[in-house]
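Residues per chain are reported as follows:
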Amino acid sequence: MIELSRQYAKLCDARDFEDPELIKTIRALVPERDPHEHIERKVWEYAMVMLFLADTGHLDGGSRVLSVGAGNERVLFWLTNHVEKVVATDIYGEGAFAAREAQSSMLTDPASHAPAYQWREEALEVHHMDGRRLAFPDASFDAVFTVSSIEHFGAPGDVARAAAEIGRVLRPGGHALIITECLVHYHLLDRAAGLLARLRARIHTAKANLRRGQPKDPPARRELHLHLGLPAPDEARVIGPRGSRRGTGGVLIRGNDKPIPASLASPSPAALARRSMIRYRYLFSQLVRRELRQKYQGSVLGVVWYLVNPLVLMAVYGVMLGPVLKAVNYADYPIFILAGLSVWLFFSQGLLAAATSFVDQAGLVSKVRFPREMIPAAAVTVQLIPMLAMLVVLVPVALAVRGSASAAVLLLVPLIACLFALTLGLAMIASVLHAHFRDVQPVLTAALLPWFFISGVLFSLQHLPGLQTHHWVEPLLRWANPIAPFIDTARSVLYSGHAPSLVTLAYVVAAGAVSLVIGMAVFRSLEGELAVVL
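Please read these numbers as outputs of a predicted model, since none were measured by experiment.

(A) Looking closely at the overall build of the protein chain. What the protein chain contains, in helices and strands, is 21 helices and eight strands. Among the 534 residues that make up the protein chain, the fraction classed as buried is 49%. A fraction of 76% describes how many contacts in the protein chain between residues 6 or more apart in sequence connect residues 24 or more apart. As displayed, the protein chain has an accessible area near 24900 Å², and 62% of this comes from carbon and sulfur atoms.

(B) Representation of the pairing of strand E1 (residues 64-67). Pairing of E1 with strand E2 (residues 85-89), which is carried by four bridges, proceeds in the parallel orientation. Its bridge partner being in E2, Leu 66 is matched across the sheet by Val 87. In this view, the connection linking E1 to its parallel neighbour E2 by way of helix H3 (residues 74-79) has right-handed handedness. Of the pairings in the sheet, the one linking E1 to strand E4 (residues 141-147) comprises three bridges and is parallel in character. Paired with Leu 66 across the strands is Val 144, a residue of E4.

(C) Local environment of the nonpolar core. By size, the foremost hydrophobic cluster in this structure holds 110 residues, and its most contacted members are Leu 79, Phe 145, Trp 344, Phe 370, Ile 483 and Phe 486. With 15 residues, helix H11 (residues 333-355) is the single largest residue contributor to this core. Ignoring sequence-local partners within four residues, the contact set of Phe 145 consists of Val 49, Val 65, Leu 66, Ser 67, Val 68, Glu 73, Val 75, Leu 76, Leu 79 and Leu 177. Val 68, Val 144, Ile 150 and Ile 166 belong to the second-largest nonpolar core, a separate cluster that totals 17 residues.

(D) Summary view of the packing of helix H10 (residues 305-324) against helix H15 (residues 384-402). In the contact formed by H10 and H15, the axes pass within 9 Å of each other and the chain directions differ by 70°. It follows that H10 is roughly perpendicular to H15 by the angle criterion. Contact residues: Tyr 306, Leu 307 and Pro 310 in H10; Ile 385, Pro 386, Ala 389, Met 390 and Val 393 in H15. The class makeup of the residues in the contact of H10 with H15 is eight nonpolar, no polar and no charged.

(E) Expanded view of the packing of aromatic side chains. Throughout the structure, instances matching the rule amount to 16 aromatic pairs. With 5.8 Å between their ring centres and 25° between their planes, Tyr 333 and Phe 336 make a pair best called stacked. One end of the pair, Tyr 333, and the other, Phe 336, are both in helix H11, three residues apart, so they sit about a helical turn from each other. Note on Tyr 333: relative accessible area 7%, which makes it buried. The class of Phe 336 is buried, set by a relative accessible area of 2%. Where Phe 336 meets Tyr 495, the ring centres are 5.3 Å apart and the plane angle is 85°; that geometry is what we call edge-to-face. One end of the pair, Phe 336, is in helix H11; the other, Tyr 495, is in helix H19 (residues 484-496), and 159 residues separate them in sequence. For Tyr 495, a relative accessible area of 9% translates into the label buried.

(F) Representation of the side chain of Ser 460. Note on placement: Ser 460 falls in the loop between helix H17 (440-453) and helix H18 (473-479). Once you skip the residues sitting within four places of it in the chain, Ser 460 turns out to touch Tyr 330 and Phe 336.

(G) Fine view of the side chain of Ser 431. Structurally, Ser 431 is set in helix H16 (residues 412-436). Polar side-chain contacts of Ser 431 include one of 3.0 Å to the backbone oxygen of Met 428. If sequence neighbours within four positions are ignored, Ser 431 has contacts with Ala 354, Ala 355, Ser 357, Phe 358, Pro 376 and Phe 523.

(H) Just the packing of H16 against helix H20 (residues 502-526), in detail. Packing of H16 against H20 brings their axes to within 8 Å, and their N-to-C directions diverge by 25°. Classified by the angle their axes make, H16 and H20 are roughly parallel. The interaxial crossing formed by H16 with H20 has left-handed handedness.

(I) Representation of the confidence of the model for the protein chain within the structure. When pLDDT is averaged along the protein chain, the result is 78, and 76% of the positions lie at 70 or above. Mean pLDDT across the elements of the protein chain bottoms out in strand E6 (residues 224-227) (29) and peaks in H16 (95). Note that pLDDT drops below 50 for residues 214-246; the model gives that stretch 95 contacts with residues more than four away or on any other chain. Note on residues 251-276: pLDDT under 50 across the span, and 74 contacts to partners over four residues away in sequence or across chains.

(J) Molecular detail of a nonpolar patch on the surface. Where nonpolar side chains cluster on the molecular surface, the patch consists of Val 312, Val 316, Val 319, Met 320, Val 324 and Leu 325 and spans about 510 Å² of accessible area. Among the secondary structure elements, Met 320 is positioned in helix H10. Given the relative accessible area of 38%, Met 320 is considered partly exposed.

(K) Here's a closer look at H10. The end-to-end C-alpha distance of H10 is 27 Å, a good match for the 28 Å that 20 residues give at a rise of 1.5 Å each. Within the sequence span of H10, burial applies to Tyr 306, Pro 310, Met 314, Gly 318, Leu 321 and Gly 322. In this structure, the buried residues of H10 make contact with helix H9 (281-295), H11 and H15. Phi turns positive, to about 50°, at Lys 326, one or two residues after H10.

(L) Quick peek at unusual backbone geometry. Located in the positive-phi region is Ala 139, a residue other than glycine, with phi close to 55°. Structurally, the position occupied by Ala 139 is in the loop between strand E3 (124-127) and E4. Overall, Ala 139 belongs to the partly exposed group, its relative accessible area being 32%. The phi dihedral of Asp 332 falls on the positive side, at around 50°, and the residue is not glycine. For Asp 332, the position within the fold is in the loop between H10 and H11. A relative accessible area of 30% places Asp 332 in the partly exposed class.

What counts, and where the lines are drawn
- Residues numbered from 1 in each chain as written.
- Predicted model: local features only at pLDDT ≥ 70, side-chain atom pairs only at ≥ 80, totals over all residues.
- Heavy atoms only, no water.
- Helix = DSSP H or I, 4+ residues; strand = E, 2+ residues; numbered from the N terminus.
- Buried < 20%, exposed > 50% of the residue type's maximum accessible area, 1.4 Å probe, protein only.
- Contact = heavy atoms within 4.5 Å.
- Areas by Shrake-Rupley, 256 points an atom, 1.4 Å probe, with all protein chains shown as cover.
- Pairing = 2+ DSSP bridges.
- Right-handed = clockwise from strand over helix to strand, strands pointing away.
- Core = buried A, V, L, I, M, F, W, Y, C linked by side-chain atoms within 4.5 Å.
- Axes fitted to C-alpha atoms, helices over the stretch in contact; angles between N-to-C directions.
- Parallel < 35°, antiparallel > 145°, perpendicular 65-115°, else oblique.
- Nonpolar A, V, L, I, M, F, W, Y, C, P; charged D, E, K, R; others polar.
- Phe/Tyr/Trp six-rings, centres within 6.5 Å; stacked < 30°, edge-to-face > 60°.
- Polar contact = N/O pair within 3.5 Å; in protein donor to acceptor, adjacent residues only side chain to side chain.
- Left-handed = near helix turned anticlockwise from the far one by under 90°.
- pLDDT = per-residue confidence, 0-100.
- Patch = residues over 30% accessible without salt bridge, like charges linked within 9 Å, V, L, I, M, F, W, Y side chains within 5 Å.
- Salt bridge = Lys/Arg side-chain N within 4 Å of Asp/Glu carboxyl O.
- Expected span 1.5 Å × (residues − 1).

Listed below in structure tokens is the structure:
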């Protein structure tokens, strides 16, 4: 049994793109793309094929390699420089899907699909062939691979025949790698049985720990069946999140006189990954950096644009409500407005950016495994940059003009943290709902306009006209509107130079915590269907 240097029976995971060897392999295969910027399922598949063949000793220049259902895959041309012969069959051999995925020109002119680097034309053979009936003698190849094709061969029996054909054409001691898209989900009976098993385990563990005086152990891992339409062996089990999702996994078959049933090893469950999101910090930083680059890509002013929008709004509202309409009479009114705008723009832009984040990142969500809440979190984090840039300018100006220097300015740090929690909680709800119902983002855009005017950005809520006859309006707008106390807190610190009331501070902390808890609960109840609805 050959000793492999890495696990190939696994699901595609975004953390794999932190592997230096995998990154090096991708760059050799697709030199025109930066693998840090293009975290794609397909290049992961190709890289795993290349690493697998290297690991099993088939890149020594003397091996014959077969690719079943290959189409015009880039890896075919790369392999011509590393093996004796590469033989490729096109996808399925029949049907409309075959015609769409495997262009006929690949059969007649493979060079038209070749990459820019050099490759050996004499080392590549391309055949129009049905993968369920391979027209090769037994034991013809040292290695066989198929990349996300076998699941499309037809009924479960057809998939089994294709796997049997792969085993038949392998030489004794040869190796095959099957990469396939799969649907991971719960059976209702599995869920009921799992709940009972976990309940019994928790009761047993709690009793044992009480006797030992130790805290209870973490809950048992959830196990899910992988359903490919075939009776799965007991060892073919997958760990994954609740609900259904699409994924790509590798199945390893070792050549012999007949194919050996494959087993699929299990990655860590998404629930455990959530609890240690630090493992995905690299992916999170890349998501944030990409959002920042795309936002002002090609602009000359760059980060200066973060200040243009609030300054323009401040000028327009300051002139119209002050000298023109004489609707307000606040000293240093521009600072008054900017203190409110710094909070409002982060909140509103964070919600709008997160609402469409899953639709914008649909390819990543449906094909790579990682904690899904990282996507709306990255969208909200990007909006911190304009807010911090605004505060860098506003704080010294407010202290100089208003003379509001005091220890209360330190409250800006917990205020920003609580505001981030409030926005992130609502953003997770908006993002997952918009993935299911595409009306959420337009509705949110329409709702934010009146929300802006009743949040006290342009004036203090206690100065609203008509409060003398409707005393209930001001408390309703202040406490039923979750963003209003945040605006009041920022304005108290920056404009007035004193700390807000303890009631307001308690509201700010509670609103951030409650929003985050509710947002995560709603998100986790709906995230299982993301790959399906996208």
